[in-house]
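# Remarks on the overall topology
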Amino acid sequence: MDRIPILKLGKALLVTIQVDMHDQLATALEEDLTNMIVATGARGVLIDISALDIVDSFIGRMLDNIAAVSRILDADTVVVGMRPAVAITLVELGLSLGGVKTALDVDRGMALIRQRASYGADDGDDEEDDGA
């Protein structure tokens, strides 16, 4: 069975979906991402869908599931590269993707993840500095 590659970039994982998703591939991606988040301590998952012309309800639900699992494992999910027609389709299908952040491109998506992860800074460092 084919797998979708997952790249580690700092404290983030990058997934580029360039093929039509089917049930087994989506399940494998969700499992692979879950394992990689735990193994790497990733704080963010960036999913690039710019190669997809069409996103149906199945892919929308898969993105929502990945976001939910990632959130439980303390990682944010950012979807990038969404075409306007895809956004319209998701709204028409009633898929709000509540736990999924979006950005226009990979650079903006990585900025969102870096902002949350603070890339190497301890949580609360800024608060301690403010009091000094």
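Keep in mind that this is a model prediction, so the values were computed, not measured.

## As for helix α2 (residues 57-72)
Helix length check: α2 (16 residues) gives 23 Å between terminal C-alpha atoms against 22 Å at 1.5 Å per residue, within 8%. Within α2 the residues assigned to the buried category are I59, G60, M62, L63, I66, A67 and S70. One side of α2 holds all its buried residues, which, seen down the axis, span an arc of 160 degrees. Residues of α2 that are buried make contact with α1 (23-40), β3 (44-48), β4 (76-80), α3 (84-92) and β5 (100-103). The N-cap of α2, judged by a side-chain oxygen 3.2 Å from the amide nitrogen of F58 a few residues on, is D56. Immediately downstream of α2, the backbone of D74 shows phi near 65 degrees, a positive value.

## Thoughts on the pairing of β5
Where β4 meets β5, four bridges bridge the pair, whose relative direction is parallel. Within β5, the residue paired with V80 across the bridge is A103. Viewed along the sheet, the connection from β4 through α3 into β5 turns out right-handed.

## Focus: the confidence of the model for the protein
For the protein, mean pLDDT is 85; residues scoring 70 or higher make up 87% of the total. Within the model, pLDDT remains below 50 along residues 119-132, and this stretch shows eight contacts once partners closer than five positions in the same chain are excluded.

## What to know about the pairing of strand β1 (residues 6-9)
Where β1 and strand β2 (residues 12-16) come together, four bridges link them in antiparallel fashion. The residue bridging L9 from the neighbouring strand is A12, located in β2. Between β1 and the antiparallel strand that follows it, β2, lie two residues; G10 among them carries a positive phi value of about 60 degrees.

## Description of the nonpolar core
One finds I17, M21, L29, I47 and M62 to be the most contacted residues of the largest nonpolar core, which totals 28 residues. Looking at this core, the elements with two or more residues in it are β2, α1, β3, α2 and α3. Once you skip the residues sitting within four places of it in the chain, I17 turns out to touch I4, L29, I47, D48, I49, A51, L52 and M62. Judged by nonpolar contacts, the second largest core, of eight residues, contains A12, L14, V78 and I113.

Calculation rules
- Once a new chain begins, its residue numbering starts again from 1 and follows that chain's sequence as written.
- Reporting in this predicted model follows two pLDDT cut-offs: at least 70 for local features of residues, and 80 or more for side-chain atom pairs to be given and counted; totals over whole chains, interfaces and linings ignore these cut-offs and use all residues.
- To get the side-chain values, all heavy atoms of the structure are used, and hydrogens and water are removed first.
- Labels follow the DSSP assignment, with helices taken as runs of H or I lasting at least four residues and strands as runs of E lasting at least two, numbered in each case from the N terminus.
- Expected helix span is given by 1.5 Å per residue-to-residue step, counting one fewer step than there are residues.
- Exposed residues in this analysis have more than 50% of their type's maximum accessible area, buried residues have under 20%, and partly exposed residues fall in between, with area computed by a 1.4 Å probe over protein chains only.
- The directions considered for the arc are those from the helix axis to the C-beta atoms.
- The criterion used for residue contact is that any of the two residues' heavy atoms lie within 4.5 Å.
- Polar contacts, as counted here, are pairs of nitrogen or oxygen atoms within 3.5 Å of one another; within protein the pair requires one atom able to donate a hydrogen and one able to accept it, and residues that are adjacent in sequence qualify only if both atoms are side-chain atoms.
- Two strands are counted as paired when DSSP detects at least two bridges linking them.
- Note on handedness: a crossover is taken as right-handed if, strands pointing away from the viewer, the path from the first strand over the helix to the second is clockwise.
- The pLDDT value tells you how sure the predictor is about a given residue, anywhere from 0 up to 100.
- Take the buried residues of types Ala, Val, Leu, Ile, Met, Phe, Trp, Tyr and Cys, join any two whose side-chain atoms come within 4.5 Å, and each joined set is a nonpolar core.

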